[in-house]
Structures are given as structure tokens and as C-alpha cells.
Amino acid sequence: LVIKTIFLVLVFQFKYVVDESRRITARNSVIKELKTTLAESSVIKTILHNFPAFLFLTDQDDKIVFANKMVLSNLGASFMEKKNFDSVFMDSIEETITFSRVTYKDPNNLLRMFAVRTEKVIDDNQSRYMLWMLRDIDFDFEIFCKSIINNRESFKVTGLLDHNFAIYRMS
């Protein structure tokens with residue numbers, strides 16, 4: 001009876017050791033995978049932050065959730081997150097579904113025009129984001145004025161305009 005009891009205790013102890021070994025192996029595997037994912041995410045974020053183009057990421061409500069270093073340094077803004085994308089630019093001219101032009105008025109009151117390419121991004125949670133890639137182009141006053149005059153969605157233009165553009169629109 002004593003031998004059977006000792007054997008039974010050894011079997012239960014062995015089963016406990018095997019279960020504990022599996023649990024530790026699974027935990028270490030999850031930790032390793034998480035570290036790899038976080039490292040990849042960090043690398044991707046660093047690459048996007050330092051990408052040599054103007055990059056924005058907006059959520060479903062057109063709020064900016066990411067702006068890279070090029071945007072922050074060249075547009076004279078230190079913080080873009082949580083702003084509405086349309087409030088940053090004065091106008092928007094949609095030329096095709098994925099291509100448009102926007103105009104920006106910098107802190108020195110200089111107007112800059114950008115060609116914009118957009119791509120829809122859907123994450124794992126099925127949230128929809130929009131990636132905006134801007135390319136600096138020569139300012140075209142005629143296109144800018146047409147975009148203000150032909151703004152059919154509303155009679156207001158986002159951003160700040162000086163009185164010259166207001167007079168041009170009224171004409």
C-alpha cells in the first residue's frame with residue numbers, strides 16, 4: 001500500500017511538473033512573440049516618423065492620429081494629433097478618388113500647395129483609417145481660386161483667408 005501511494009504521488013507530481021513546464025513554455029513563447037511584435041511596431045513607427053514625405057494618418061472622423069516629422073517641421077506645427085484634417089488646410093481639390101490637392105497657409109502667411117495621395121487602411125479591429133501622403137508642388141493661384149469658388153459643399157472655406165481671397169470669392 002505504501003509503494004502504491006508513493007507511486008501515485010510520483011505520478012501526480014510528474015503530471016504537475018509537465019503541466020508547469022508547458023505553461024512556462026507557452027508563457028515564454030507569448031512573451032517572445034509580443035516582444036517581436038512590439039519591436040516590429042516600433043521599427044515601423046520610427047520608419048514612418050522619419051519617412052522623407054509628408055505623412056498623415058486620420059481616423060473615421062478625419063481627426064489626425066499621426067503626423068510624421070516632415071509634417072511637424074515643415075508645416076510649422078509642433079502638434080497635429082486630434083486636429084481635424086480639413087482645419088489644417090485652406091482648401092481641397094479632389095481630382096480623382098485617391099488624388100487631390102490641398103493648400104496650406106504657414107505661420108509666415110505663405111501659401112503652399114500639395115498634391116495628395118490617399119489610401120484606406122483597415123486595422124485588425126476593423127477600424128478605418130486614411131493615410132495621406134503629401135508632395136510639395138508649385139502654388140497655382142488659378143486652381144486655388146477655382147477651388148474656393150467651386151466649393152459646392154458649403155459656403156465657408158476651412159482655414160484662414162485674408163480679405164483678398166474673400167473679395168475674389170465674392171466676385
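The structure presented is a predicted model; accordingly, all values stated were derived computationally and were not measured.

(A) Main features of the overall build of the chain. Within the chain, the secondary structure is distributed over 5 helices and 6 strands. When the helices and strands of the chain are listed from N to C terminus, the series reads α-β-β-α-α-β-β-β-β-α-α. For the chain, with 171 residues in total, the buried portion stands at 23%. At a minimum sequence separation of 6, the contacts of the chain that also span at least 24 residues come to 36%. A total accessible area of about 12600 Å² is found for the chain, and carbon and sulfur atoms account for 60% of it.

(B) Representation of the pairing of strand S5 (residues 111–122) in the model. Relative to strand S6 (residues 128–137), S5 runs antiparallel, the two sharing 10 bridges. Residue glutamate 119 lies in a different strand from S6, and its bridge partner there is leucine 131. Counted between consecutive antiparallel strands, the loop separating S5 from S6 contains 5 residues, among which glutamine 126 sits at a positive phi close to 65°.

(C) Molecular detail of the pattern of salt bridges. One pass over the structure, following the stated rule, counts 4 salt bridges. The closest approach of N and O atoms between arginine 112 and aspartate 136, which form a salt bridge, is 2.8 Å. Taken together, the residues arginine 112 in strand S5 and aspartate 136 in strand S6 connect sequence positions 24 residues apart. When the shortest N-O distance is used, the salt bridge between glutamate 119 and arginine 117 registers 3.1 Å. The class for arginine 117 is partly exposed, based on a relative accessible area of 45%.

(D) Examining the packing of aromatic side chains more closely. According to the stated counting rule, one finds 3 aromatic pairs in the structure shown. Between phenylalanine 56 and phenylalanine 85, the ring centres sit 5.3 Å apart and the planes meet at 90°, which makes this aromatic pair edge-to-face. Pair noted here: phenylalanine 56 is in strand S1 (residues 54–58) and phenylalanine 85 is in helix H3 (residues 85–88), with a separation of 29 residues, a long-range link. Under the relative-accessibility criterion, phenylalanine 56 is labelled buried at 0%. We classify phenylalanine 85 as buried; its relative accessible area is 3%. Seen in terms of ring centroids, phenylalanine 85 and tryptophan 132 are 4.0 Å apart; in terms of plane orientation they differ by 20°. Their pairing is stacked. Note that phenylalanine 85 is positioned in helix H3 and tryptophan 132 in strand S6, a separation of 47 residues in sequence. Of the two residues, phenylalanine 85 and tryptophan 132, neither departs from the other in class, the shared state being buried. An aromatic cluster of at least three residues, connected via ring pairs, comprises Phe56, Phe85 and Trp132.

(E) Summary view of unusual backbone geometry. The backbone phi angle of aspartate 62 is positive, close to 60°, even though this residue is not glycine. When you line up the elements, aspartate 62 lands in the loop between S1 and strand S2 (64–67).

(F) Highlighting the pairing of S6. In the sheet, S1 pairs with S6 via 5 bridges, with the strands oriented antiparallel. Within S6, the position partnered with threonine 58 by the bridge is methionine 130.

(G) Main features of the environment of tyrosine 104. By secondary structure assignment, the location of tyrosine 104 is in strand S4 (residues 99–105). Sequence separation between tyrosine 104 and phenylalanine 114 is 10 residues, and the spatial gap between their C-alpha atoms is 7.9 Å. Once residues lying within four places of it in the same chain are set aside, the contact partners of tyrosine 104 are Leu75, Val88, Phe89, Met90, Leu110, Leu111, Arg112 and Phe114.

What counts, and at which threshold
Residues numbered from 1 in each chain as written. Predicted model: local features only at pLDDT ≥ 70, side-chain atom pairs only at ≥ 80, totals over all residues. Heavy atoms only, no water. Helix = DSSP H or I, 4+ residues; strand = E, 2+ residues; numbered from the N terminus. Buried < 20%, exposed > 50% of the residue type's maximum accessible area, 1.4 Å probe, protein only. Contact = heavy atoms within 4.5 Å. Areas by Shrake-Rupley, 256 points an atom, 1.4 Å probe, with all protein chains shown as cover. Pairing = 2+ DSSP bridges. Salt bridge = Lys/Arg side-chain N within 4 Å of Asp/Glu carboxyl O. Phe/Tyr/Trp six-rings, centres within 6.5 Å; stacked < 30°, edge-to-face > 60°.

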